[in-house]
Amino acid sequence: MKPNILLLMTDQQRWDAMGCSGEWVQTPHLDRIANEGVRFTNCVTTSPVCIPTRLSLATGLYPHNTGVWNNMTHTMSADTPTWMQSVRDAGYRTSLFGKTHLHPHNGDLREKEGLMNAYGLDDVDEIGGPRASRGVLSHMTAMWEEKGVWDIYKEDYGERFQNKPYVVRPSPLELEDYADVYVGQQAKKYLQNYDRQEPWCCWVSFGGPHEPWDTPEPYASMYDPNDMPPPIPRQQAGDRPRGNLDNTMNRMNPQFEEGEVGRLRANYAGNVTLIDAQIGEILEAIDTRGELDNTVIIHTSDHGEMNGDYGLIYKGNFLNGAVRIPLLVRTPETVKNAEKESVCDSPAEWMDIGPTLVEVAGGEMKHRQYGKSLCPVLDDTSSTHREFAISEISGEIMLLNNEWKIVLNSDSEPYLLFDVHNDPDEINNLAGQPKMKDLETELRLQILEFLFHTQTKK
């Protein structure tokens, strides 16, 4: 019997924002998935911003293939081959609850269901992200309007961005109306009531813990800011080429008050725990159906959040806080074989998720794409999944292997170079140092060879 498939996805969740990976956030349900599956410790997003990376997940193509290098107005064509279509073709009923951002978040998302069907999603309840939900219509914001709380949400959001975008303040919405609760509850109800013959593939895409820092009570007060890990300090640039990160740091210099980063992180942690609680309710609904043992579960996020590291907020760079993401894979086989949490340290890329889901569904991906199924390493977590992982943004490219992280700027000059074992906090940038020239040349040539072999244009 084919397994059911549950894809759990968050927006802007750092790799270390789980109990099993960072110990500063309580995530008992994600920890359970990790204990029953495999946790990939070196998974990076294909692009550390929303639109290009979500497009890469759907298609298995890099930004240098799609031409979508940053957040921009882009609609994925209805005839684009996707992993969702391949899973559906394998006999699954596919569904989506939450955010995709495969098309612009404007107008009425309910009118885009035909487009979502073409992408490979049968049953759809799509929402915009926290920013888009100020104006975009969806089933959720229509409910907010009916309850008389949509204007309150808009006013709160507007005040934040007129004064201090990173203010920490609970949402004016009640917990039951908060977007992440809406997404979790809609997915839970769908699975509780699912009565079709086909196995199901349910994609649950939460909009949090994406900023603003507006986690509702009681989660807003769950964590003590003083208990949060301290931010990694910003370092001097040194004598080296410059790139996008330098431009970001020149532009972004939040004047954090004493203890403010701790408050940001505590609110963020509360949002992650809120989402984890919703995941727990979804898992309980599947278990009540008697299907949990035969369900493949993957949890991931599209990119991270700096949350004060390097004096930065948001994402859009190749530092760990933004580019490393959680990746958990749990299958019926890993559950049977689980004695303790299994960890795979091999580099992995977020767009490897699509081919993995197609393989467990018994399907086939007929279009050329560059994702790589994770299934072979689930049985042998000490094996190498990828020799290196790639991420791209704004014409720049990052390579991460088991020893080094290097970033080339848009002129193909190395401007970031970190020893991942001896400098896990990325404090000592070795780029531009004479003694590193041979290594920089070697890694740069590896990147150029990779680009040559993946030069397919969409």
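Check the entry above for the structure.
My aim in this report is to walk through the structure given alongside it, one point at a time. (Residues numbered from 1 in each chain as written. Predicted model: local features only at pLDDT ≥ 70, side-chain atom pairs only at ≥ 80, totals over all residues. Heavy atoms only, no water.)

Describing the overall build of the protein
Argument step 1. The helix and strand tally for the protein stands at 15 helices and 14 strands.
Argument step 2. Relative to the 2.2 N^0.38 estimate, which gives 23 Å for 458 residues, the radius of gyration of the protein is 21 Å and therefore close to what a compact globule would have.
Argument step 3. Along the three orthogonal principal directions, the C-alpha set of the protein runs to about 65 × 50 × 45 Å.
Argument step 4. When each of the 458 residues of the protein is scored for burial, the buried share is 62%. (Helix = DSSP H or I, 4+ residues; strand = E, 2+ residues; numbered from the N terminus. Rg over C-alpha atoms; globule rule 2.2 N^0.38 Å. Buried < 20%, exposed > 50% of the residue type's maximum accessible area, 1.4 Å probe, protein only.)

Points about the packing of aromatic side chains
Pairs of aromatic rings are described using the distance from one ring centre to the other and the angle between the two planes.
Argument step 1. If you walk through the whole model with that rule in mind, you get 12 aromatic pairs.
Argument step 2. These aromatic residues form a ring-pair network of at least three members: Tyr62, Tyr370, Phe388 and Phe450.
Argument step 3. Over the ring of Tyr314 we find Arg131; its NZ or CZ atom is 5.6 Å from the centre of that ring.
Argument step 4. Over the face of the ring belonging to Trp15 we find Arg324, whose NZ or CZ atom lies 3.7 Å from the ring centre. (Phe/Tyr/Trp six-rings, centres within 6.5 Å; stacked < 30°, edge-to-face > 60°. Lys NZ or Arg CZ within 6 Å of the ring centre and 35° of its normal.)

What to know about the packing of helix H8 (residues 179-192) against helix H10 (residues 260-288)
Argument step 1. Contact geometry of H8 with H10 gives a least axis separation of 9 Å together with a crossing angle of 5°. As summarised for this structure, H8 and H10 are arranged roughly parallel, according to the angle between their axes. Contacts from Asp180, Val181, Gly184, Gln185, Ala187, Lys188, Leu191 and Gln192 in H8 reach Asn271, Leu274, Ile275, Gln278, Glu281, Ile282, Ala285 and Ile286 in H10.
Argument step 2. Classifying every residue of the contact of H8 with H10 by side-chain character gives 8 nonpolar, 5 polar and 3 charged. (Axes fitted to C-alpha atoms, helices over the stretch in contact; angles between N-to-C directions. Parallel < 35°, antiparallel > 145°, perpendicular 65-115°, else oblique. Contact = heavy atoms within 4.5 Å. Nonpolar A, V, L, I, M, F, W, Y, C, P; charged D, E, K, R; others polar.)

Brief notes about the nonpolar core
Argument step 1. Membership of the largest hydrophobic core comes to 62 residues, with the highest contact counts inside it found for Phe40, Trp83, Val87, Trp203, Leu327 and Leu417.
Argument step 2. Among all residues touching Trp83, those that are not within four sequence positions of it are Leu7, Leu57, Ala58, Cys201, Trp203, Gly354, Leu357, Val358 and Met365.
Argument step 3. Of all hydrophobic cores here, the second largest spans 39 residues; its members include Met18, Ile127, Ala187 and Leu274. (Core = buried A, V, L, I, M, F, W, Y, C linked by side-chain atoms within 4.5 Å.)

Description of the sheet that holds strand S1 (residues 4-11)
Argument step 1. In spatial order, the strands read S5-S4-S6-S1-S7-S8-S2-S9; together these 8 strands make up an open sheet with mixed pairing. This sheet does not close on itself; its edge strands, each paired only once, are strand S5 (123-126) and strand S9 (342-344). Within the sheet, the average angular offset between the axes of one strand and its neighbour, ignoring direction, is 15°.
Argument step 2. Two elements, S1 and strand S6 (residues 200-209), share 6 bridges in a ladder whose sense is parallel. (Pairing = 2+ DSSP bridges.)

Thoughts on the sheet that holds strand S12 (residues 396-400)
Argument step 1. The strand order S11-S12-S13-S14 describes an open sheet built from 4 strands, whose pairing is antiparallel. The sheet is open, and its two edges are formed by strand S11 (389-393) and strand S14 (414-419), each paired on a single side. Adjacent strand axes in the sheet meet at a mean angle of 15° when their direction is disregarded.
Argument step 2. Sheet topology places S12 next to strand S13 (residues 404-408); 4 bridges connect them, and they run antiparallel. Among the inter-strand pairings, Leu400 is bridged to a residue of S13, identified as Lys405.

Some remarks on unusual backbone geometry
Argument step 1. A cis amide bond, omega 15°, links Glu211 with the succeeding residue Pro212.
Argument step 2. Tracing the sequence through the fold places Pro212 in the loop between S6 and helix H9 (244-251).
Argument step 3. Omega for the peptide link from Glu217 to Pro218 comes to 5°, which places this bond in the cis form.
Argument step 4. Along the chain, the position of Pro218 falls in the loop between S6 and H9.
Argument step 5. A positive phi angle, close to 80°, is found at Gln12, a residue other than glycine.
Argument step 6. Look at Gln12 and you get buried, because its relative accessible area is 0%.

Things to note about the pairing of strand S7 (residues 295-301)
Argument step 1. Burial analysis of S7 places 7 of its 7 residues in the buried class, which makes it a mostly covered element.
Argument step 2. Burial along S7 is two-sided: the residues Thr295, Ile297, His299 and Ser301 and Val296, Ile298 and Thr300 are all buried.
Argument step 3. With 7 bridges connecting them, S1 and S7 associate as parallel partners. When the bridges of S7 are listed, Leu6 appears paired with Ile297.

Topic: the state of the cysteines
Argument step 1. Scanning all chains against the criterion turns up 0 disulfides.
Argument step 2. Cysteine Cys20 shares no disulfide, and the gap to the nearest cysteine sulfur, in Cys43, comes to 13 Å.
Argument step 3. The cysteine Cys50 is free of any disulfide, with Cys43 supplying the nearest cysteine sulfur at 16 Å. (Disulfide = S-S within 2.5 Å.)

Considerations on the pattern of salt bridges
Argument step 1. What the rule picks out here adds up to 28 salt bridges.
Argument step 2. Note that Arg169 is salt-bridged to Glu159, the shortest N-O span being 3.0 Å. Of the two residues, Arg169 is situated in the loop between helix H7 (150-163) and H8 and Glu159 in helix H7; the sequence distance between them amounts to 10 residues.
Argument step 3. Among the residues examined, Arg169 registers a relative accessible area of 26% and is labelled partly exposed.
Argument step 4. Taking relative accessible area as the criterion, Glu159 reaches 33% and is therefore assigned partly exposed.
Argument step 5. Put simply, Lys405 and Glu426 hold a salt bridge, and the shortest N to O gap is 2.5 Å. Taken as a pair, Lys405 in strand S13 and Glu426 in the loop between S14 and helix H15 (437-453) lie far apart in primary sequence, 21 residues in all.
Argument step 6. Judged by relative accessible area, Lys405 falls into the buried class, the value being 2%.
Argument step 7. Each member of the salt-bridge network shares a partner with another, and the members are Asp11, Arg54, Lys99 and Asp302. (Salt bridge = Lys/Arg side-chain N within 4 Å of Asp/Glu carboxyl O.)

Points about helix H2 (residues 50-59)
Argument step 1. Within H2, 10 of the 10 residues are buried, which leaves the element mostly enclosed by the surrounding structure.
Argument step 2. Of the surrounding elements, those touching the buried residues of H2 are S1, helix H3 (63-66), helix H4 (83-89), S6 and helix H13 (353-360).
Argument step 3. In the stretch just after H2, Gly60 is the one whose phi turns positive, near 75°.

Section: the environment of Arg330
Argument step 1. Here Arg330 is to be found in strand S8 (residues 327-330).
Argument step 2. Taking the C-alpha atoms as reference points, Arg330 and Glu396, separated by 66 residues in sequence, lie 33 Å from one another.
Argument step 3. Each residue touching Arg330, except ones within four places of it in the same chain, is listed here: Ile33, Glu36, Gly37, Leu292, Thr295, Val296, Ile297 and Val335.
Argument step 4. A polar contact is formed between the side chain of Arg330 and the side chain of Glu36, at a distance of 3.1 Å. (Polar contact = N/O pair within 3.5 Å; in protein donor to acceptor, adjacent residues only side chain to side chain.)

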